[in-house]
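Next come the chains, spelled out residue by residue.
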Protein chains: 2
Amino acid sequence: MNPVEKHAGKLFILSGPSGAGKGTICKALLAETDLELSVSMTTRNPRAGETEGESYYFVSKEEFLRKIDASGFLEYAEVYGNFYGTPKQPVIDKLSAGTDVILEIDMQGALKVKENYPDGVFIFILPPSMSELRKRLTGRGTETAEAIEMRLGETLKELSYIDKYDYCVVNGQLEEAVARVKAIVTAEHSRVTFTAEELISRYKEEA
Amino acid sequence: MNPVEKHAGKLFILSGPSGAGKGTICKALLAETDLELSVSMTTRNPRAGETEGESYYFVSKEEFLRKIDASGFLEYAEVYGNFYGTPKQPVIDKLSAGTDVILEIDMQGALKVKENYPDGVFIFILPPSMSELRKRLTGRGTETAEAIEMRLGETLKELSYIDKYDYCVVNGQLEEAVARVKAIVTAEHSRVTFTAEELISRYKEEA
């Protein structure tokens, strides 16, 4: 009906340093929009309450390695002997069906996704300030002050990844940050992604 | 305060075929946002109710021609013996002060603006369909059916300008179209427009 209506979904990659709040933003987006989360695949055992195909796709190490060989991942990594990855096909299927997909991932993972799917929209979630980030990490109460300072040093270094991203959103006020990501999704669907010939023929068909 | 806060305004160019409703969208944006309209300069005489510096900058033909020689316009055109143009300096001044500027202009004008200010954000406003456009033009009651059909033929040709634009917005429902342009403005201010070094030094300063 609408001559420039979206024909395919887009992949939005939410990434950024730990503590910036990408997970919280992602949850809010899933609750408030039609965006669907990309489900990861892992070789670790399911924990209580985790469901196959929702929490993760749980597979054997052999299956995971076969999928690596078949270039079946947008990205994957080994963590403490377990593999974790983003299988490519479910994402492609959703995008083809016109569904937007969101992928929440650390910066190393995002870089690999960019290699395998450069058409993704890469959004860097930033903390409002280093002092605010220090406050958030301290508030968790899971790390010593020394560990937190080391981690803040790491975060500063990690900011150098920004060059690889299309957008950045500062997560000071959660609602404002979520609204900003929503605006990015809307704007990305307003991009000119067709040729003049395609556009003219769509209007002609209807005229 | 916000380490990635916008430091400069952006120029948004609203353009598209006649009857698509770019003027109506522009008015709504001016009423609902902080966007400021670029004021045109003209050599024609002021009409009743028009104010210098708001409706237009009214100048003599000599002054206009001097400004052309001094590359003082983002675009200009001669229409029935009168000159009309977008003076560059007031736009640059507003942008430098951090104000977003909106420019509503036909496609020929937009192309010239693009030559002189490629950093502008170019938004093409489209009618929802040729039949809807026919209805709108007929509703104005100012043209014969024959003239309208000729004009619709022109519009189809004008769609070929789409290649030069960053975004396109279909103006079916006005409120939806306005919301979409607002989302584009927000998203454009979320673009990564700085280097990693700049970002890191801003966070370090504060840390």
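One can find the structure itself at the top, above this paragraph.
Residues numbered from 1 in each chain as written. Chains lettered and ligands numbered in written order. Predicted model: local features only at pLDDT ≥ 70, side-chain atom pairs only at ≥ 80, totals over all residues. Heavy atoms only, no water.

## Things to note about the overall build of chain A
As a reminder, the rule being used: Numbering of helices and strands runs from the N terminus; a helix is a DSSP stretch of H or I covering at least four residues, while a strand is a stretch of E covering at least two. Accessibility here uses a 1.4 Å probe with only protein chains present; expressed as a share of the type maximum, an area under 20% marks a residue as buried, one over 50% as exposed, and anything in between as partly exposed. When checking whether two residues touch, look at their non-hydrogen atoms; a contact exists if any pair is within 4.5 Å.
When helices and strands are counted, chain A shows 8 helices and 9 strands. Counting only C-alpha atoms and orienting by the principal axes, one finds that chain A spans roughly 70 × 45 × 30 Å. Within chain A, the fraction of its 207 residues that count as buried is 45%. Counting only contacts in chain A whose residues sit at least 6 apart along the sequence, the fraction spanning at least 24 positions is 67%.

## A closer look at the relation of the copies chain A and chain B
One chain copy maps onto the other through a rotation about an axis and a shift parallel to that axis. The test is simple: A least-squares superposition brings the copies together, and it is based on the C-alpha atoms of residues with pLDDT no lower than 70 in both.
With an RMSD of 0.1 Å, the fit of chain A onto chain B corresponds to turning through 180° and sliding 0.0 Å along the axis. Viewed as a symmetry operation, the transformation between the two copies matches a two-fold axis. Within chain A, the C-alpha atom positioned nearest to the axis of rotation is that of Ala183(A), 2.2 Å from it. The residues that chain A uses at the interface reappear at the interface of chain B in 100% of cases, marking a shared surface.

## A few points about the sheet that holds strand S6 (residues 82–87) of chain A
As a general point, the strands of a sheet are linked pairwise by backbone hydrogen bonds and lie either parallel or antiparallel. Residues and elements named next belong to chain A. The line we're drawing: Strand pairing is assigned whenever DSSP detects at least two bridges linking the two strands. Between N-to-C directions, angles cover 0 to 180 degrees, with each direction set by a line fitted to C-alpha atoms, over the stretch in contact for helices.
Strand order in this open sheet of 4 strands is S4-S3-S6-S5, and the pairing throughout is mixed. Looking at which strands have only one partner, the edges of the open sheet turn out to be strand S4 (57–58) and strand S5 (73–79). Across 6 bridges, S5 lies against S6 in antiparallel orientation. Across the sheet, glutamate 75 pairs through a bridge with threonine 86, a residue of S6. Along the sheet face, helix H3 (residues 88–96) touches S4, S5 and S6 and points at about 20° away from the line of S6.

## Quick word on the sheet that holds strand S9 (residues 167–170) of chain A
Residue and element names in this part refer to chain A. Read across the open sheet, the 5 strands follow the order S2-S7-S1-S8-S9; overall the sheet is parallel. Two strands lie at the open edges of the sheet, namely strand S2 (36–37) and S9, each paired on one side alone. Alignment of strand S1 (residues 11–15) against strand S8 (residues 121–126), held across 4 bridges, turns out to be parallel. Within S8, the position partnered with serine 15 by the bridge is phenylalanine 124. Set on the sheet, helix H1 (residues 22–32) makes contact with S1, S2, strand S7 (101–105) and S8; between it and S7 the angle comes to about 165°.

## Some thoughts on the interface of chain A and chain B
Rules: Throughout, the accessible surface (probe 1.4 Å) given up by two parts as they are put together, summed over both, is called the buried area. Any Lys or Arg side-chain nitrogen located within 4 Å of an Asp or Glu carboxyl oxygen qualifies as a salt bridge.
Taken residue by residue, the interface counts 39 residues in chain A and 39 residues in chain B. Carbon and sulfur atoms make up 68% of the area that chain A and chain B hide from each other, which totals about 3400 Å². When the buried surface of chain A facing chain B is broken down by residue, Ser190(A), Val192(A) and Tyr203(A) rank first, second and third, together holding 17% of it. Across the chain A-chain B interface, the total number found is 1 salt bridge. Arg191(B) serves as the salt-bridge partner of Glu188(A), at 4.0 Å between the closest nitrogen and oxygen.

## So, the packing of aromatic side chains
Our working definition: Think of it this way: a Phe, Tyr or Trp ring, Trp meaning its six-membered ring, pairs with another when their centres are within 6.5 Å, and the plane angle makes it stacked under 30 degrees, edge-to-face over 60, tilted otherwise. Put simply, a charge is over a ring when the Lys NZ or the Arg CZ is close to the ring centre, within 6 Å, and near the line of the ring normal, within 35 degrees.
Applying the stated criterion across every chain, the model contains 16 aromatic pairs over all chains. Measuring from centroid to centroid gives 4.3 Å for Phe64(B) and Phe73(B), while their planes differ by 20°, and the two rings are stacked. Exposure remark for Phe64(B): the relative accessible area of 0% places this residue in the buried category. Linked through ring pairs, Phe64(A), Phe73(A), Tyr76(A) and Phe83(A) together constitute an aromatic cluster. Its guanidinium or amino end placed over the ring of Phe122(A), Lys114(A) lies 5.1 Å from that ring's centre, counting from NZ or CZ.

## Details of the nonpolar core
Inclusion rule: We define the nonpolar core as a collection of buried residues of types Ala, Val, Leu, Ile, Met, Phe, Trp, Tyr and Cys that are connected through side-chain atoms lying within 4.5 Å of one another.
Membership of the largest hydrophobic core comes to 40 residues, with the highest contact counts inside it found for Leu14(A), Ile123(A), Leu14(B) and Ile123(B). The residues contacting Ile123(B), other than those within four sequence positions of it, are Phe12(B), Ile13(B), Leu14(B), Ser15(B), Tyr165(B), Tyr167(B), Val169(B), Val181(B) and Ile184(B). In this structure, Leu11(A), Val101(A), Leu133(A) and Ile162(A) belong to the second largest nonpolar core, which totals 34 residues.

## Remarks on the pattern of salt bridges
Residues and elements named next belong to chain B. A full pass over the atoms with the stated rule returns 21 salt bridges over all chains. Linking glutamate 36 and lysine 94 is a salt bridge whose minimum nitrogen-to-oxygen distance equals 3.3 Å. Here lysine 94 lies in helix H3 (residues 88–96) and glutamate 36 lies in strand S2 (residues 36–37), a separation of 58 residues in the sequence. With relative accessibility at 25%, the residue lysine 94 sits in the partly exposed group.

## What to know about unusual backbone geometry
Despite not being glycine, Ser71(B) has its phi angle at roughly 55°, a positive value. Considering the arrangement of structural elements, one finds Ser71(B) in the loop between helix H2 (61–69) and strand S5 (73–79).

## Considerations on the pairing of S7(A)
All names here are of chain A. Within S7, 4 of the 5 residues are buried, leaving the element largely enclosed by the surrounding structure. One ladder, built from 5 bridges, connects S1 with S7; its direction is parallel. Opposite leucine 14, over in S7, you have glutamate 104 as the bridge partner. One ladder, built from 2 bridges, connects S2 with S7; its direction is parallel. For glutamate 36, the partnering residue across the bridge sits in S7 and is valine 101.

## A look at the packing of helix H5 (residues 130–140) of chain B against helix H6 (residues 145–158) of chain B
All names here are of chain B. Heads up, the rule is: Here the word oblique covers every angle except those under 35 degrees (roughly parallel), over 145 (roughly antiparallel) and from 65 to 115 (roughly perpendicular). By convention the crossing between two helices is left-handed if the near helix lies anticlockwise of the far one by an angle smaller than a right angle, and right-handed if it lies clockwise. When residues are grouped by polarity, Ala, Val, Leu, Ile, Met, Phe, Trp, Tyr, Cys and Pro land in nonpolar, Asp, Glu, Lys and Arg in charged, and all others, Gly among them, in polar.
Axis separation between H5 and H6 bottoms out at 10 Å; the angle between their running directions is 140°. In terms of orientation, H5 lies oblique with respect to H6. Regarding H5 and H6, the two cross each other, and that crossing is right-handed. Counted together, Met130, Leu133, Arg134, Leu137, Thr138 and Arg140 of H5 and Ile148, Glu149, Arg151, Leu152, Thr155 and Leu156 of H6 form the full contact between these two elements. A breakdown of the residues in the contact of H5 with H6 according to their chemical character gives 6 nonpolar, 2 polar and 4 charged.

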